[in-house]
Amino acid sequence: MVKEISTAEFETIILQSKGNVILDFYSTECPPCEALAPKLEDIVEAYPKEVVAYKIFRQGNKELAQKLGVRSSPTLLFYKDGQEEGQRLSGAILKSQLFQAIQDIYALPNKLAEQVVSKTQKVDLAIIGAGPAGLTAAIYASRAKLNTLVIDSGSPGGQVNVTHLVANYPGTDEAINGYMLMHKMTEQAKRYGATIRMAAEITALDLNTKTIVIDNSQPIQAKAIILATGSKPRLLGVPGEKEFSGKGISYCATCDGSFYEGKKVYVIGGGNSAVEEALFLTKYVSELTIIHQFDSFQANAMSAEEVLNHPKIKVLWSHEPRAFLGGEHYERLEVQNLKTGEKKILEDADGVFVFVGYEAQNALFKDQICLDKWDYSLVNDDLETDIPGVYSAGDIRSKRFRQITTAVSDGTIATLAAEKYIHGLKG
């Protein structure tokens, strides 16, 4: 059992302890904290003599949290004989990550595979992915009284979570923080009865039998499945990119372009998406510079010509980003001339838009359903894949436009079709 302690007990229980101790800084109204709690209990059960775990309420022990440099919930600290060891874990912590940490930090055997397999959970509809498509599907399905389970490897919200403000979603009146929009969708789905499993790792998936296994220990049998795993922007992989994502670095001109009204931005890339998004951004910005690694665009000739003749657009050829720099937000960009090797710092823009392509998040099922040449799922008008009762919605499916509203539409269509399929099975 994971016991709760306070700041007053920290020194005697944690710092003066002998052996292996895990300390969980948690918060209330924190979905990842809720998801972590049973996993931490599993650790205690798996290592009853080797590991002790405690939890501490972060908001109620702010001074201690600040002293230890704990800035988010949940955050796990690992102690050995009163000294902190290893790397901390925070955010949406997978069960496999937790067991691996035990192995790495305490040199204990990884007992994840030994976890007792639970009784199979039966549901009407399993939705894999909790972005706008998956959450919309959950709202429609739970309102239709379907036993609905949503599974996500992170926290609900998908890419929208890192969108600073959403200004083009109908009915929001004014711009809304992306995370808050997704939080509202999540809570709405839960109110109607949907179960949401976050920070859950799918370790086995058979779409033909509609069988899912979570964390090697929780089998799920569904009557229908909606795949809503989405796609993700292809990252540049340079220092500072992850830290400033949503804080001056954006991957969606439609989402964030209006927030740079009258400002200067950089656009990184040179394919079709980069030049088209650059042209879109000229509606708002006073000036933009495209940074491209080659001496010519890899986009269609018409769009490329329009960019080259546009008065607001400049191009920095044969350069690549090397680092994003700043404090709490992006401030400067380091680039390198690929011909001379010279590096320099660019400081004359308020933000950066990265358009170097997207990747379909299909690793779970890419060998089970038909995909297009870009590895997105192929579906019919009901958004059903080539496997009956298996649907695909949102950015993971083959389509032209990928926006929050198109994902919501997909989630609606897929669920209405899945509901008919499920009722057909019952009949």
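Just above, that's the structure.
Thresholds applied
Residues numbered from 1 in each chain as written. Predicted model: local features only at pLDDT ≥ 70, side-chain atom pairs only at ≥ 80, totals over all residues. Heavy atoms only, no water. 1 Å grid on protein atoms, 1.4 Å probe; cavity = no way out; pocket = protein on both sides within 12 Å on 5 of 7 lines; lining within 4 Å. Points joined across faces, edges and corners; volume = space filled by probe spheres on them. Helix = DSSP H or I, 4+ residues; strand = E, 2+ residues; numbered from the N terminus. Contact = heavy atoms within 4.5 Å. Polar contact = N/O pair within 3.5 Å; in protein donor to acceptor, adjacent residues only side chain to side chain. Phe/Tyr/Trp six-rings, centres within 6.5 Å; stacked < 30°, edge-to-face > 60°. Buried < 20%, exposed > 50% of the residue type's maximum accessible area, 1.4 Å probe, protein only. Lys NZ or Arg CZ within 6 Å of the ring centre and 35° of its normal. Pairing = 2+ DSSP bridges. Right-handed = clockwise from strand over helix to strand, strands pointing away. Core = buried A, V, L, I, M, F, W, Y, C linked by side-chain atoms within 4.5 Å.

Before we go on, may I ask you to explain the layout of surface pockets in this structure?
With a probe scaled to a water molecule rolled over the atoms, the places where space remains empty come into view. Taken as a whole, the second largest pocket spans an internal volume of roughly 470 Å³. What lines the second largest pocket is a set of 24 residues, and nearest its centre among them are P38, K39, D42, K95 and R197. Elements that contribute at least two residues to the lining of the second largest pocket include exactly α2 (31-46) and β8 (195-197). When residues of the lining of the second largest pocket are assigned to their parent elements, the largest contribution, 8 residues, is made by α2.

I'm lost on the environment of R332 in this one. Help?
In this structure, R332 sits in strand β18 (residues 330-337). In sequence terms R332 and A349 are 17 residues apart; their C-alpha atoms lie 7.8 Å from each other. Excluding anything up to four places from it in sequence, R332 contacts A323, F324, L325, G326, I345, L346 and E347. At 3.1 Å, the side chain of R332 and the side chain of E331 are in polar contact.

I would appreciate a short explanation of the packing of aromatic side chains in the present structure.
Any aromatic ring pair is given by two values, namely how distant the centres are and how the planes are angled relative to each other. Taken as a whole and judged by the stated rule, the model has 9 aromatic pairs. Seen from their ring centres, F10 and Y79 are 6.3 Å apart, and the 75° between their planes marks the pair as edge-to-face. With F10 in helix α1 (residues 7-15) and Y79 in strand β4 (residues 75-80), this residue pair connects regions lying 69 residues apart in the sequence. Each member of the pair, F10 as well as Y79, is classed as buried. Taking 6.3 Å as the distance between ring centres and 70° as the angle between the ring planes, the aromatic pair formed by F324 and Y330 counts as edge-to-face. Three or more aromatic residues link up through ring pairs in this structure, and these residues are Y260, F353 and F355. A cation over a ring is seen here: R143 above Y192, with NZ or CZ 5.1 Å from the ring centre. The ring of Y376 carries the charged tip of R402 above its face, separated from the ring centre by 4.0 Å.

When you look at the pairing of strand β2 (residues 20-26) in this model, what are you seeing that I'm missing?
Taken residue by residue, a regular strand's side chains alternate between the two faces of the sheet. Across the 7 residues of β2, 7 count as buried, placing the element largely inside the fold. Alternating residues of β2 divide into N20, I22, D24 and Y26 and V21, L23 and F25, and every residue in both groups is buried. Pairing of β2 with strand β3 (residues 51-57) involves 7 bridges; the strand directions are parallel. When the sheet's bridge partners are listed, N20 is paired in β3 with V51. With α2 bridging β2 and the parallel β3, this β-α-β connection has right-handed handedness. Judged from the 6 bridges that link them, β2 and β4 form a sheet pairing that is antiparallel. When the bridges of β4 are listed, F25 appears paired with T75.

Is there a simple way to explain the nonpolar core in this structure?
Where a protein is soluble and globular, its nonpolar side chains tend to be buried together. Ranked by size, the top nonpolar core spans 37 residues in total, and within it L125, I127, V166, Y169, L181, I226 and I404 carry the most contacts. Contributing elements (two or more residues each) for this core: β6 (121-128), α5 (132-143), α6 (178-191), β11 (218-227) and α10 (404-426). Looking at which element gives the most residues to this core, the answer is α10, with 7 residues. In this view, L125 contacts A141, N147, T148, L149, A224, I225, I226, T415, A418 and I422; residues no more than four positions away in its chain are not counted.

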